[in-house]
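# Observations on chain architecture
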Amino acid sequence: PEVGHYHHQAARVYLDTGLHQDALRFLNRSVELQPHRADWHRELGELLEERGEKENALSEYEKACRWDPDSSRGFYLLGRLHYRLGRSDEALNELERSVNLDPSGAEARIFLARLLLEKGEAEKALEHCRALMPVAPQNPQPFYLGFKSLLKLGREAEAIQVLEMATSLSPDDPEWQR
């Protein structure tokens, strides 16, 4: 393996033992040595985001997406961070790219549906929820967001049916008590 691989392995050990500062040092060095490793840029971005270094994390996610433009995960992370930085239009674009790359990816599609609902685009949010329901039938989130979308659209009878499906999947979920 290339030298960057050894740095990455050391970073993983440090991460596993909770020594994040040391892990950060080795992850930085591994991406310097092998900048084409999109997965390492994503990993570095996640660590930086966890540490509150959001602009640096954004830069790493962007590098990951440049090196691997077919990675749904990279665009999801980029979109999620844009959202956390208050950049909902950028978030929407990146999340849509993620969903286009992996239509069955629940994490990105749920986040996208939630953002669309926030922006008042209930019909689009509902489309994403309906696309996920058969793909992730044990996940209550698409059902819950579908319920909220249907309520916004004034379709109460349908909303109640979807809510019943959601509560049967996760009866103790605090979302239902709201």
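A brief report on the enclosed structure follows.

Definitions and limits used
- Think of each chain on its own: its residues are numbered from 1, step by step along the sequence as written.
- Totals for whole chains, interfaces and linings use all residues, but because this is a predicted model, local features are given only for residues with pLDDT of at least 70 and pairs of side-chain atoms are given and counted only at 80 or more.
- As a rule here, side-chain values cover all heavy atoms of the structure and leave hydrogens and water aside.
- Strands are runs of DSSP state E lasting at least two residues, helices are runs of H or I lasting at least four, and both sets are numbered from the N terminus onward.
- Note on contacts: a residue pair is in contact if any heavy atoms of the two residues lie within 4.5 Å.
- Here the aromatic set is Phe, Tyr and Trp, taking the six-membered ring for Trp, and pairing holds for ring centres within 6.5 Å; pairs whose planes are under 30 degrees apart are stacked, those over 60 apart are edge-to-face, and all others are tilted.
- Burial here depends on accessible area, computed with a 1.4 Å probe over protein chains only, as a share of the maximum for the residue type. Under 20% is buried, over 50% is exposed, and the range in between is partly exposed.

Bringing the environment of serine 72 into the picture now. The topology assignment puts serine 72 in helix H5 (residues 72-84). Distance in space between the C-alpha atoms of serine 72 and glycine 105 is 8.1 Å, their sequence separation being 33 residues. Each residue touching serine 72, except ones within four places of it in the same chain, is listed here: Ser98, Leu101 and Asp102.

Further remarks concern the packing of aromatic side chains. Tallying each qualifying case throughout the model produces 4 aromatic pairs. Between tyrosine 83 and phenylalanine 111, the aromatic rings sit 5.3 Å apart at their centres with planes inclined by 85°, giving edge-to-face as the arrangement. Here tyrosine 83, found in helix H5, pairs with phenylalanine 111, found in helix H7 (residues 106-118); they are 28 residues apart in sequence, far enough to count as distant. The partly exposed category is assigned to tyrosine 83, whose relative accessible area is 27%. Here a set of aromatic residues connected by ring pairs shows up, and it is made of Tyr76, Tyr83 and Phe111.

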